[in-house]
Amino acid sequence: MNEFDQMYREVILDHYKNPRGHGTIDGADAEAEGQNPLCGDEVSIYVAFGDDGDTIDEVKFSGRGCAISQAATSMLTEMVQGRTATEVASLDKDELLAEIGIPLTPIRLKCAVLGLTTLKVALHKAKGTPLPDGLAGFDELELS
Amino acid sequence: MAVQASSAKLDARALRSDFPIFEQLIHGKPLAYLDSANSSQKPRQVLDAMTTYYETSYANVHRAVYVLGERATAGLEGAREKVRGFLNAPSADEVIFVRNATEGLNLVAYSWGGSNLGRGDAVVVTELDHHSNFVPWQYIARRRGAEFRVLPLDEDAEVDYSGLDEIARDCNVKVVAANLVSNSLGTIADLGPLVRWAHEQGAIFVCDAAQAAPHVQLDVQALGVDFLAISGHKMCGPSGIGALWGRGELLRSMEPFLLGGHMISSVSIEKTTWGEIPHKFEAGTSPIVEAVGLGAAVDYLQRVGLDAIEAHEHELAAYALGRLAEVPGITLYGPPAERRAGVVSFNLDGIHPHDVAQLLDGHGVAIRAGHHCCQPLMRRLGVTATNRASFYLYTVPEEIDQLVDGLHAVREVFA
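Since we're looking at a predicted model, the values are computed, not measured. (Residues numbered from 1 in each chain as written. Chains lettered and ligands numbered in written order. Predicted model: local features only at pLDDT ≥ 70, side-chain atom pairs only at ≥ 80, totals over all residues.)

### Overview of the overall build of chain B
We apply this condition: Helix and strand definitions follow DSSP, with helices as H or I runs of at least four residues and strands as E runs of at least two, each counted in order from the N terminus. Note that the radius of gyration is over C-alpha atoms, with the globule rule given as 2.2 Å times the number of residues to the power 0.38. Counting other C-beta atoms within 10 Å of a residue's own tells you its class, since 20 or more makes it buried, 12 or fewer makes it exposed, and anything in between is partly exposed; those C-beta atoms are placed from the backbone. Whether two residues are in contact is decided by their C-beta atoms, placed from the backbone, lying within 7 Å.
Within chain B, the secondary structure is distributed over 14 helices and 17 strands. The C-alpha atoms of chain B give 22 Å as radius of gyration, which agrees with the globular expectation for 415 residues (22 Å, within 12%). The principal-axis extent of the C-alpha atoms belonging to chain B is close to 75 × 60 × 35 Å. The burial tally for chain B puts 51% of its 415 residues in the buried class. Excluding contacts between residues fewer than 6 apart, the proportion of contacts in chain B whose partners are at least 24 apart in sequence is 70%.

### Re the interface of chain B and chain A
Using the following cut-off: Classes in brief: Ala, Val, Leu, Ile, Met, Phe, Trp, Tyr, Cys and Pro nonpolar; Asp, Glu, Lys and Arg charged; the others, Gly included, polar.
With 16 residues of chain B in contact, the opposing surface of chain A contributes 15 residues. When residues of the side of chain B that touches chain A are traced back to their parent elements, those giving at least two are helix H12 (353-361), strand S16 (368-370) and helix H14 (397-414) of chain B. Counting residues per element, the side of chain B that touches chain A draws most heavily on H12(B), at 5 residues. Taken together, the residues of the side of chain B that touches chain A sort by class into 7 nonpolar, 7 polar and 2 charged.

### Things to note about the nonpolar core
Residue and element names in this part refer to chain B. Put simply, the rule reads: Residues enter a nonpolar core if they are buried, belong to Ala, Val, Leu, Ile, Met, Phe, Trp, Tyr or Cys, and are joined to the set through C-beta atoms within 7 Å. Residue ranges assigned to each domain were obtained from an automatic or database domain assignment.
One finds Val123, Val176, Cys207, Ala209 and Phe227 to be the most contacted residues of the largest nonpolar core, which totals 160 residues. Among the elements that line this core, the one with the most residues is helix H10 (residues 288-304), at 11 residues. Here this core spans two domains, since at least three of its residues come from each of domain 1 (12-30 + 305-414) and domain 2 (49-302). Setting aside its immediate chain neighbours within four residues, Phe227 contacts Val108, Ile204, Val206, Cys207, Leu244, Trp245 and Gly246.

### Some words on helix H2 (residues 44-56) of chain B
Residue and element names in this part refer to chain B. Heads up, the rule is: By definition here, a helix of n residues has an expected span of 1.5 Å times n minus one. Note: the arc covers the axis-to-C-beta directions of the helix.
An ideal rise of 1.5 Å per residue puts 18 Å on 13 residues; H2 measures up with 18 Å between its terminal C-alpha atoms. The set of residues buried in H2 consists of Val46, Ala49 and Tyr53. Take H2 and look down its axis: the buried residues cluster within an arc of 60 degrees, on one side only. Across from the buried face of H2, at angles greater than 90 degrees, the exposed residues are Asp48, Tyr54, Glu55 and Thr56. Packing partners of the buried residues in H2 comprise helix H3 (67-87) and H10.

### A few points about the pairing of strand S8 (residues 204-208) of chain B
Residues and elements named next belong to chain B. Here is the rule we go by: Orient the strands so they point away from the viewer; a crossover is then right-handed if the path from the first strand over the helix to the second runs clockwise. One requirement defines pairing of two strands: DSSP has to find at least two bridges between them.
Burial runs high along S8: 5 of the 5 residues are buried. A crossover connection joins strand S7 (residues 172-179) to the parallel S8 through helix H7 (residues 192-200); in handedness this β-α-β unit is right-handed. The sheet contact formed by S8 and strand S9 (residues 227-231) spans 3 bridges and is parallel. Opposite Cys207, over in S9, you have Leu228 as the bridge partner.

### Observations concerning the packing of H12(B) against H14(B)
All names here are of chain B. Applied cut-off: Angles here are taken between N-to-C directions and fall from 0 to 180 degrees, while the axes themselves are lines fitted to C-alpha atoms, restricted in helices to the stretch in contact. A crossing counts as left-handed when the near helix is turned anticlockwise from the far one by less than a right angle, and as right-handed when that turn is clockwise.
Two numbers describe how H12 lies on H14: the axes approach to 9 Å, and their chain directions differ by 115 degrees. In this structure, the crossing between H12 and H14 has a hand that is right-handed. Listed contacts from H14 to Val356, Leu359 and Leu360 of H12 are Gly406, Ala409, Val410 and Val413.

### Remarks on unusual backbone geometry
Residue and element names in this part refer to chain B. In this model, Ile277 is joined to Pro278 through a cis peptide bond whose omega is 0 degrees. As for its position among the elements, Pro278 is in the loop between strand S12 (272-274) and H10. The phi torsion at Cys236 lies on the positive side, around 75 degrees, for a residue other than glycine. Looking at where Cys236 falls in the secondary structure, it is placed in the loop between S9 and strand S10 (242-246). Even without being a glycine, His262 presents a positive backbone phi close to 75 degrees. Turning to its location among the elements, His262 is positioned in the loop between helix H9 (248-253) and strand S11 (264-267). On the basis of neighbour count, His262 is assigned to the partly exposed category, with 16 C-beta atoms found within 10 Å.

### Description of the sheet that holds strand S3 (residues 56-64) of chain A
Residue and element names in this part refer to chain A. On the basis of which strands lie adjacent, the open sheet formed by 3 strands has the order S1-S2-S3 and antiparallel pairing. Edge positions in the open sheet fall to strand S1 (30-36) and S3, since each of these has one partner strand only. With strand direction ignored, the average angle separating the axes of adjacent strands in the sheet is 15 degrees. Bridging between strand S2 (residues 41-49) and S3 involves 8 bridges; their strand directions are antiparallel. Looking at the pairing, Val47 lines up with Val59 of S3. In the packing of helix H2 (residues 67-80) onto the sheet, contacts are made with S1, S2 and S3, and the angle to S3 comes to roughly 175 degrees.

### Observations concerning the pairing of strand S14 (residues 343-348) of chain B
Residue and element names in this part refer to chain B. The element S14 is largely enclosed, with a buried count of 5 among its 6 residues. Two strands pair when backbone bridges link them, and strand S13 (residues 330-333) and S14 are joined in this way by 4 bridges, in the antiparallel orientation. If you follow Tyr333 over to S14, its bridge partner there is Ser345.

Keep in mind that these numbers describe shape and distance, not what the molecule does.
If you want it as structure tokens, here you go:
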């Protein structure tokens, strides 16, 4: 097993095999479904807000696909818990990538940010705010 | 030069020295390039032919009256003649240079389909077809109000022809389109019966030979098809060039596809008339040097010998199917080795192909992971993606060993 294999095993496989925040939320305040057409990754995200209508009280996801897409979404659910929707809707993807911590090629980057992109779409839809430039096409093409 | 007489069994190890790409290590390991069905590597002979042409003969073609223009034109038309020979086409003016097989198939769909399809007509394709011979027909049929019928695959992933009679009863079949070799499963089709059926219906037969051209001897007259498209990049040629062959009488009767310079006979404000074939279908400045590169690739393949290449690939496919079967939790897709080109699709239980391919890269092994532009096929197999290892004339068994070792390592990561 080479160094990269080791990192993959230690960082990604833990979240892939024991995903945090796996499940759905009935009557979620925000939800969206995202797909990566290149490899068929799918992620659905559900968010419940706190009483202030902005704090992320609970976030769950379901989906299937490669280990990177599923593990990154699992990490994301831990990362955004308790933060505000406003803040997360413009979260810098580098924060998530730092958490993933293994070098990713541009194609795998799409797998890694699928959950984050889907979450942002869910939050913008719930808030009625326009999707940022980079996400506009994503919503039209891939999301229900 | 390592190329050899065409009757000999090929020596992949010797041929490998023609390919500069192998003169490097990837992640400190020798490169096991098992993605030739995605795109093949290029021999020095092709690269040199293109460089020499740029350095000694380059000018625009068909219009410059000076000596370079003549040389340039001779280079392009020489390449056309080489492709004619490669396809055993009756005449070089039936060979149209296009960007790739996809553009060739779109040309037929738009130009022939756009004028000849209508309500009550049908286009028939198969579930094994690449999106390039599927999507253009689906689109043009819808635009023209024609039916789009897809021959399904059976449990063994073989095309099921049992629905043909029903299709013939229901509609007026105008186009049948199918590949000769599947890029996903490597299946070498016996197109004869389907071509005969198409012609009994009065339909044209459009053959996607992009994955066949690198591996099997093509002969458009023996195949009996009406159109056939190939891509240079899959057969040791450069990217950006392919060829469409069509029957002369069909090509002459068709409307042009792209319009502009070079494809005309005369232009006035009132009226434009089209040039002769192939020029009618080659608007604008051609990919001249790429065509020369394709001609050099044809020379290279013919010197190695297509029969020797096909035999080498059957051998590698058999070896790979045997070695891969040793890997626990593997599912192999597609036909037995004797009916497949050097393409093996597989999945590891519980491990997504993207993870497999990424981890294999760290072991110096390059394979494709994804849907291979065959989403209907993936759906039929019940998967979203597969891993695909594909071989070519420069592939040696050690690369397959490296793949198998890599797969054991991948399983360890996921254990």
